[in-house]
Number of protein chains: 2
Amino acid sequence: MVEIKPYNRYVESLSGRTFLDIARSIGIPIRAECGGIGICGKCKVIVEGRGELSPPTPNEIKILGDKGISQGYRLACQVKLLSGEFRVTIPPESVFQRYRSADIGYERSIPLEPAIRKIFISAPIPSLEDPKPDIDRILERIDSGLDNIEIPIDVIRKIPEVARVAKWNITIALWNNEKVIDVEPGDTSKRMYGIAIDIGTSKIVLHLVDLVSGETIAIESMPNPQISFGADIISRVTYALKDRENLVKLQNLVVQGINSLIDRVISRAGVQRENIYEAVVVGNTVMHHLFLGVEIRYLAIAPYVPISMRGLRLRARDIGLKINENGVVYTFPNIAGYVGGDAVADAIAVELNKCEEPCLLIDIGTNTEILLNTGREIYACSTPAGPAFEGATMRFGMRAASGAIDQVFIYFDNDSRDYIVRYNVIDNVKPIGICGSGYIDIVANLYRLDIIDRRGRFNRDIDSKRIVLDDEEGPRFIVAWSSETGIGRDIAVYGKDINELILAKAAIASGIEIILRRAGIDAEDLSKIFIAGSFGSYINIENAIAIGLIPKVDTNKIVFVGNTAISGAKLALKSIKIRREAEELTRKVKYIELSIDPLFRKIFTENLSLP
Amino acid sequence: MVEIKPYNRYVESLSGRTFLDIARSIGIPIRAECGGIGICGKCKVIVEGRGELSPPTPNEIKILGDKGISQGYRLACQVKLLSGEFRVTIPPESVFQRYRSADIGYERSIPLEPAIRKIFISAPIPSLEDPKPDIDRILERIDSGLDNIEIPIDVIRKIPEVARVAKWNITIALWNNEKVIDVEPGDTSKRMYGIAIDIGTSKIVLHLVDLVSGETIAIESMPNPQISFGADIISRVTYALKDRENLVKLQNLVVQGINSLIDRVISRAGVQRENIYEAVVVGNTVMHHLFLGVEIRYLAIAPYVPISMRGLRLRARDIGLKINENGVVYTFPNIAGYVGGDAVADAIAVELNKCEEPCLLIDIGTNTEILLNTGREIYACSTPAGPAFEGATMRFGMRAASGAIDQVFIYFDNDSRDYIVRYNVIDNVKPIGICGSGYIDIVANLYRLDIIDRRGRFNRDIDSKRIVLDDEEGPRFIVAWSSETGIGRDIAVYGKDINELILAKAAIASGIEIILRRAGIDAEDLSKIFIAGSFGSYINIENAIAIGLIPKVDTNKIVFVGNTAISGAKLALKSIKIRREAEELTRKVKYIELSIDPLFRKIFTENLSLP
């Protein structure tokens, strides 16, 4: 039995799980920036009581020190409550607030049911009295129903040697009871791994998962190497459309990138490449097409038709992915031209498909996907917010990287008779630009202080050193003086930047409004709003509501879930049941194509004002 | 309605079939050396009556002439009885006697049910109102149950272009509802072909089959190119065992050989390579392993374990076979180390698996396979007859090729007071050697004439110019005088040759005897003896019985069925039901390993005498 403080929750069955698992299973959000592998130290908890605990792991000793451990501190992801009565206190700093890394997202525990099975068999050595052929000798020891199983020729060719070298003690890796992936000497049934891959437009994230324990054992990420052919998706699409060879080039780049991440995770985790049998891949539809090397012309132009809604299963070798030679690659199902597998993975990760009350999922990005489950029906749409939130089109815009102003608070100081700007800079260096969350804060503050009006126009009656109205650069508000910045110049937000931001928020707000209207749901009826995507995790929710980006709801209905694309991919890797749920979801979704929705233009125009 | 003379058989339903099909369907054996493609002219029949017939084909006009046609002659394989009342007379010369070509065997009609399906679909063009993705758009028009279907990446990549070029009128090729093989523009559903391949130790035979009509449309064969690394199977095995690279070399040779046969059939039949979607391959177990490139060490040495009993399904591309890139290769199931897929195909071709009364199948060769269905159980064994019947170890031995003496009759001529030898030479040229059927005839005749005794020893009391007893070459009987031969020397049969033949017949006779004993069947209870294999077709059955090669049964119980390995392969190509029957047969068979049978040595010794 364990009592969880300060939540006053009780859990009966300990069943040898980590405390992180126990807490997650009842919905208590403990931080685990490293994904629960004992390296970030963010999940400190205090364990008191009598009973048997797992001994401190090397990581715990390193992070908590002997002193910390003697005070009862443990890492939730490491400590296992084996038996007895405990009280575990989760200190506030260990409670999950937001995902600070784009590499992880909200995770939930599920029963393991991977597509891959490994079976150790010990077969009798053939004799004249028992000369049953190799393959039959092996398969009859697995189970029935494998009559039609496929065995690739290279596996067939290795069977005679492997079986005899290992004296017929061998392990078979099977995919979905359809295909033999490998035959290995000895008992290797505990060496069974898979990878989940999120191919983002700007970043590729890869998680290596132990499919026996279900644990994530290594995480790696890198910028999407296609960036050299266009930072944003449109320029990459344009490049790919120019020439079939360009598409091949982009495909090779992403596959090579993933292969280098595979190299990194296997060396970090000490895993053999051959023991990775499956890869589950998510990405938006453009990334999906570029990963597969499939023509994107028909996706890029109306009516925006992707190659496939259903998930696809491919041979890793055919794609060029360097896992087991006969390993399988599963690409997530898509919903529509601009609602891709990443959005499906988001939905699966947060169990949007199981909501019994209306809930909304928003994955904010250049292309923002919106999914709504009314409790009975699921709707989806996609809205082209553009790259404003990624800072791409703003004068001092930048990504949420080191040196970016990511949080801003502005107030009027009665002593100095002018505005004071307080801001946070990522990595606490001198600021060099402003990222999306910073712009949201600034616009919300300027509007609150009447420095700009509903349309984002500067109030010309205010006298402030920070407001520059009349020169050829256009009106602007100075956020950081040149003396404070790392670029030797003032960092300012311009009227044009504000317009861009309002356009972007109008696109998203209109998408949300239309999906709610089409489903007949009022915003206040929403029981939850999940905000997914790495950008979303950083924004100030009150300010996002203030500028009308997010519907006005009780803020504790809003949950930042981080990179749930990778979480969803991992779930599908761990369970074919989840994979079927994802396929089912895509078939069930009612897709709303905003570009032909007669209401869209009207609502979009209305949303060009701040609330 | 058609009356078939001289059999007094009646068939009600004409259903537009060729007369050959009609006759075969009721078990009347019409000759069709070309496999029923209208080129050999052996299936002449006389059609009388009133009704609608298909017009004479160009082949019929060429072979029968206008005169023949005006007399009512037609080719059974060409003429279709469309409607009306007919009497068809099958002249004796058109009745099937023996298979004169090693390229064909007994064929029977079956309902077509190939693993490949081609489906033409006409899908609506995508629009913003109907933006369903390409793959889903296609598959939803086929049928349900394809949720888990596999689509190779190169097919995925071609779909967008193919579909749009063809305005969404496209044809899908599916394998066993598991895998999409291809997607083609327009309606190509009538262009669906498969190939059946018999890889013999000495010859490779390939039949191209139209899987829409079920017709064989081209036949090609060639010597097995592995012959350059050993004419007999033992020397090839020895070569392959020496070095892994040798095995690869032998594999490449056979695949290249098959590919050149494919080139020939497709150019002859005017078929596109891409429209050949499946290949069914039969061969003995050594050929099976060499075709797959699988180690033969464990097959070659005791306990003689092949790689697989079950049939294997492979990607044509992985094997190197040049048919459709995603085409499937199915290799026939094996029974045991030395009872391979060719024997299974024989059994399936003659429906041994369905015999209700005891029936025996013998495929005579270097390795002779024997299968017995008692009506309830099926037994199999294999006996190493050696290459005597192929003439390999005999002084003047040769294969049944041009110049070989293949039939012999010897009698004592009272006028000349000596033996006269009448012989037939293949192709009516001067003889250059003797083939297996010739040796059987000679030994049977010499034994009948008391020139040799039960043990094959020459009777030293006979005075004949043809019998040479005392020189260093050993005793012999001169079959052809040097003046008659093409080699300028006498062609003779030696005492040593006779011993070889007796050893070979003893091996086969002992195999038959043991299989019958183990099954508790007497030879006279056999309702049928099928003799398969190209060698078998040429032998004189009375003489074969006389030397004890074949059990003494009523000769009309004996049926020569020719190369039923290729016939069985074709049946499996045309019907997955037959394929399942073959798999079932191999699972059901009780295999008798003669080398460990305690009776074998005793019975073999007894059989070293002539009856």
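As recorded in an unreviewed UniProt entry, chain A goes by the name Ferredoxin, listed as coming from Ignisphaera aggregans.

Participant: Mind laying out the overall build of chain A, listing which residues take part and the relevant values?
Facilitator: Broken down by element type, chain A carries 16 helices and 26 strands. Taken over the C-alpha trace, chain A has a radius of gyration of 27 Å; the compact-globule value for 611 residues is 25 Å, and the two agree within 12%. By principal-axis analysis of the C-alpha atoms, chain A measures approximately 100 × 65 × 50 Å. The proportion of buried residues among the 611 residues of chain A is 52%.

Participant: So, the pairing of strand β17 (residues 378–384) of chain B: which residues are in play, and what are the values?
Facilitator: Consecutive side chains of a regular strand alternate in pointing toward one face of the sheet and then the other. All names here are of chain B. Within β17, six of the seven residues are buried, leaving the element largely enclosed by the surrounding structure. Summarising the sheet, strand β16 (residues 367–373) and β17 pair through seven bridges and their orientation is antiparallel. Bridge assignment links E369 to a residue of β17, and that residue is S382. With antiparallel pairing between neighbouring strands as the criterion, β16 and β17 make up a hairpin whose turn holds four residues, including G375 at a positive phi of roughly 105 degrees. Bridging between β17 and strand β26 (residues 590–591) involves two bridges; their strand directions are parallel.

Participant: So what's going on with the sheet that holds strand β8 (residues 179–185) of chain A? Residues and values would help.
Facilitator: All names here are of chain A. Read from one edge of the open sheet, three strands run β6-β7-β8, paired in antiparallel fashion. Each end of this open sheet is capped by a strand with a single partner; those strands are β6 (116–122) and β8. Mean inter-strand twist for the sheet, computed between neighbouring axes without regard to direction, equals 20 degrees. As judged from the seven bridges shared by β6 and strand β7 (residues 169–175), these two strands associate in the antiparallel manner. Note on β7: the bridge partner recorded for I119 is I172. In the packing of helix α4 (residues 153–165) onto the sheet, contacts are made with β7 and β8, and the angle to β8 comes to roughly 30 degrees.

Participant: Describe the domain arrangement of chain A, naming the residues involved and giving the relevant values.
Facilitator: Residue and element names in this part refer to chain A. According to the domain assignment, chain A contains domain 1 (2–94), domain 2 (116–185), domain 3 (193–331), domain 4 (353–387 + 502–606) and domain 5 (389–495). Among the elements of the structure, β9 (193–199), β10 (203–210) and β12 (276–283) are those that each provide at least two residues to the side of domain 3 that touches domain 4. Its residues assigned to classes, the side of domain 3 that touches domain 4 shows 10 nonpolar, seven polar and four charged.

Participant: Outline the relation of the copies chain B and chain A, supporting the account with residue identities and numerical values.
Facilitator: The two copies are related by a screw motion: chain B maps onto chain A through a turn of 179 degrees and a shift of 0.1 Å along the axis, at an RMSD of 0.3 Å. The relationship between the two copies is best expressed as a two-fold rotation axis. Closest approach to the rotation axis among the C-alpha atoms of chain B is made by E178(B), whose C-alpha sits 5.1 Å away. Comparing interface residues between copies, 100% of those in chain B also sit at the interface in chain A, which points to an isologous, same-surface contact.

Participant: Please provide a residue-by-residue account of the sheet that holds strand β25 (residues 558–562) of chain A, values included.
Facilitator: Residues and elements named next belong to chain A. Taking strand neighbours across the sheet as the criterion, the six strands line up as β25-β24-β15-β16-β17-β26 in an open arrangement whose pairing is mixed. The open sheet is flanked by β25 and β26 (590–591), the only strands paired with a single partner. Note: strand β15 (residues 359–363) against strand β24 (residues 528–532), five bridges, orientation parallel. When the bridges of β24 are listed, L360 appears paired with I529.

Participant: Talk me through the packing of helix α10 (residues 341–349) of chain A against helix α15 (residues 576–588) of chain A; I want residue IDs and the actual numbers.
Facilitator: Residues and elements named next belong to chain A. Direction vectors running N to C along α10 and α15 enclose 120 degrees, while the axes themselves pass 10 Å from each other. In terms of orientation, α10 and α15 fall into the oblique class. α15 is crossed by α10, and the crossing has right-handed handedness. Residues V344, A347 and I348 of α10 lie in contact with α15, whose contacting residues are I578, E581, A582, L585 and T586. Of the residues in the contact of α10 with α15, the class split is six nonpolar, one polar and one charged.

Parameters at a glance
Residues numbered from 1 in each chain as written. Chains lettered and ligands numbered in written order. Predicted model: local features only at pLDDT ≥ 70, side-chain atom pairs only at ≥ 80, totals over all residues. Helix = DSSP H or I, 4+ residues; strand = E, 2+ residues; numbered from the N terminus. Rg over C-alpha atoms; globule rule 2.2 N^0.38 Å. Buried ≥ 20, exposed ≤ 12 C-beta atoms within 10 Å, placed from the backbone. Pairing = 2+ DSSP bridges. Axes fitted to C-alpha atoms, helices over the stretch in contact; angles between N-to-C directions. Contact = placed C-beta atoms within 7 Å. Domains from an automatic or database assignment. Nonpolar A, V, L, I, M, F, W, Y, C, P; charged D, E, K, R; others polar. Least-squares fit on C-alpha atoms with pLDDT ≥ 70 in both. Parallel < 35°, antiparallel > 145°, perpendicular 65-115°, else oblique. Left-handed = near helix turned anticlockwise from the far one by under 90°.

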